[in-house]
Amino acid sequence: MESTQRFAVTSKSERSLVSLDRITFGGPRFVVIAGPCSVESHSVFAETSAFVVEHGASVLRGGVFKMRTDPSSFQGLGAEAAQIAKQVKSKLGVPFVTEVTDPRQIADLAPFVDAFQVGSRNMHNYYLLKELGQHDKPVILKRGFAGLIKEWLLSAEYISQAGNKNIILCERGIRTFETETRNTLDLNAVPAVKSLSSLPIIVDPSHGTGRRDFVVPMALAAAAAGADGIMVEVHPDPSKALSDGFQALTFDDFRELMEKLKLLLPVLGRTL
Ligand code: PEP
Ligand code: MN
């Protein structure tokens, strides 16, 4: 890879720290973001959130608006999901991240969302990126499934140049010739981003593999590769999930993941 191109987000040598409330990405902490793919009912979101927080997650996730490839599939509950997320988040007192799919959603989401997620399908949506750059709320910028690492960093540059330096990159798998997994989780991106940029990088092994049984090993591999955290999908009964149930961890799987992370992270000099 050529590394001559200069990115403003890489121009300083010290690591950028990005904080959501009291949770900081890019420092010694390995941050676990967990929750269902979408906020599909009060009971599922409340039960999942309480479980993952009790077992060591420090940030909640859940889609309010879903970017689905098939227009006939579940698109998220929208305003109803926003109400549910607001209630659960304030009860548990834990930061919440969700995807913003359209600049017109920003104002409604901003009061209770601690970081705006830009989904893989929107990495190239420069108007959305520039709009998010006008705010100071952290942005979790997912890698486009056909995005080069350099293009991804240039997308971060759009946010940064518009004024918002609070950017966390998220590797979520790319499309390759391989069909055994939903995507190919490109863990090369972790050291590549660390060498090209000062920004924190997290890994999403749920979308990166699309297979529940691969999520725990690849989450551990992400930690070993030097990621600043992970984002994982969890559901109390994945067979009933309205989206991405096939890749959601069960509660038992999530407990196992956290037990293994607690053993691994000290070796890597990191803490939960
Ligand atoms: C998600 O995190 O729910 C999601 C839709 O991910 P991606 O944009 O990576 O497909
Ligand atoms: Mn999903």
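So, here's what we can say about the structure. Counting restarts for each chain, with residues numbered from 1 along the sequence as it is written. Starting at A for chains and at 1 for ligands, labels are handed out in the order in which the entities are written. Given that this is a predicted model, residues contribute local features only at a pLDDT of at least 70 and side-chain atom pairs are listed and counted only at 80 or more, while totals for whole chains, interfaces and linings are drawn from all residues. Values shown for side chains rest on all heavy atoms present in the structure; no hydrogens or waters enter the calculation.

1. Comments concerning the overall build of the chain
Turning to step 1, where the next piece is worked out: Numbered from the N terminus, helices here are DSSP runs of H or I no shorter than four residues, and strands are runs of E no shorter than two. Counting its secondary structure elements, the chain contains nine helices and 10 strands.
Turning to step 2, where the next piece is worked out: Taking 2.2 N^0.38 as the reference for a compact globule, 272 residues should give roughly 19 Å; the C-alpha atoms of the chain span a radius of gyration of 17 Å, in line with that estimate.
Turning to step 3, where the next piece is worked out: When the backbone C-alpha atoms are referred to their principal axes, the chain occupies close to 50 × 45 × 40 Å.
Turning to step 4, where the next piece is worked out: Residues classed as buried in the chain amount to 56% of the 272 residues present.
Turning to step 5, where the next piece is worked out: Every residue pair with non-hydrogen atoms within 4.5 Å of one another is taken to be in contact. At a minimum sequence separation of 6, the contacts of the chain that also span at least 24 residues come to 70%.
Turning to step 6, where the next piece is worked out: In these tables, accessible area is a Shrake-Rupley quantity obtained with a 1.4 Å probe, and a residue counts as shielded only by the protein chains included in the view. Total accessible area on the chain is roughly 11,500 Å²; 52% of this is exposed by carbon and sulfur atoms. Atoms counted for the radius of gyration: C-alpha only. Globule rule: 2.2 Å times residue count to the power 0.38. Under the scheme applied here, a residue whose accessible area is under 20% of the maximum for its type counts as buried, over 50% as exposed, and between as partly exposed, the area being computed with a 1.4 Å probe on protein chains only.

2. Side note on helix α6 (residues 189-196)
Turning to step 1, where the next piece is worked out: Within α6, burial applies to Ala189, Val190, Ala192, Val193 and Leu196. All buried residues of α6 lie within an arc of 165 degrees about the axis, which places them on one face of the element.
Turning to step 2, where the next piece is worked out: Buried positions along α6 lie against α5 (149-161), β8 (167-171), β9 (201-203) and α8 (212-225). Our arc is simply the arc of the directions from the helix axis toward the C-beta atoms.

3. Considering the site of ligand 1
Turning to step 1, where the next piece is worked out: Whether a residue is near a molecule or strand is decided by its heavy atoms; if any one of them lies within 4 Å of it, the residue is near. Around ligand 1, the structure places Arg61, Lys66, Glu99, Gln117, Gly119, Ser120, Arg121, Lys142, Arg172, His207 and Glu233.
Turning to step 2, where the next piece is worked out: Pairs of N or O atoms are called polar contacts if they sit within 3.5 Å, as long as, within protein, a hydrogen donor faces a hydrogen acceptor (for residues adjacent in sequence, only side-chain-to-side-chain pairs). Arginine 121 is positioned such that a nitrogen or oxygen atom in its side chain is 3.1 Å from an oxygen atom of ligand 1.
Turning to step 3, where the next piece is worked out: Here arginine 172 contributes a side-chain N or O atom positioned 2.7 Å from an oxygen atom of ligand 1.
Turning to step 4, where the next piece is worked out: Here ligand 1 has 290 Å² of accessible area as a free molecule, and 96% of this is covered by the chains.

4. Observations concerning the coordination of the manganese ion (ligand 2)
Turning to step 1, where the next piece is worked out: Ligating atoms shown are N, O and S within 2.8 Å of the metal, or 3.2 Å for Na, K and Ca, and water is not included, meaning a site may look less than complete. Coordination of the manganese ion (ligand 2) by the protein involves Cys37 (SG), His207 (NE2), Glu233 (OE) and Asp244 (OD), with metal-donor separations of 2.0 to 2.4 Å.
Turning to step 2, where the next piece is worked out: Expressed as a motif, the donor residue spacing for the manganese ion (ligand 2) is C-x169-H-x25-E-x10-D. One end of the pair, histidine 207, is in helix α7 (residues 205-209); the other, aspartate 244, is in the loop between β10 (229-233) and α9 (251-264), with 37 residues separating them in the sequence. Exposure class is identical for histidine 207 and aspartate 244. Each is buried.

5. A look at the side chain of arginine 143
Turning to step 1, where the next piece is worked out: Positionally, arginine 143 belongs in the loop between β7 (139-142) and α5.
Turning to step 2, where the next piece is worked out: Since its relative accessible area comes to 5%, arginine 143 is described here as buried.
Turning to step 3, where the next piece is worked out: For arginine 143, the side chain forms a polar contact with the main-chain oxygen of glycine 147, separated by 2.8 Å.

6. A few points about the nonpolar core
Turning to step 1, where the next piece is worked out: In this structure, Leu141, Phe254, Leu257 and Leu261 are the most contacted members of the largest nonpolar core, which totals 64 residues.
Turning to step 2, where the next piece is worked out: The element that contributes the greatest number of residues to this core is α8, accounting for six residues.
Turning to step 3, where the next piece is worked out: Beyond its immediate sequence surroundings of up to four residues, leucine 141 is in contact with Val118, Met123, Leu129, Trp152, Ser155, Ala156, Ile159, Ile167, Ile168, Leu169 and Cys170.
Turning to step 4, where the next piece is worked out: Within the second largest apolar cluster, 14 residues are counted, among which are Ile23, Phe25, Val97 and Met231. Buried Ala, Val, Leu, Ile, Met, Phe, Trp, Tyr and Cys residues form a nonpolar core when they are joined through side-chain atoms within 4.5 Å.

Distances and angles like these do not, on their own, reveal function.
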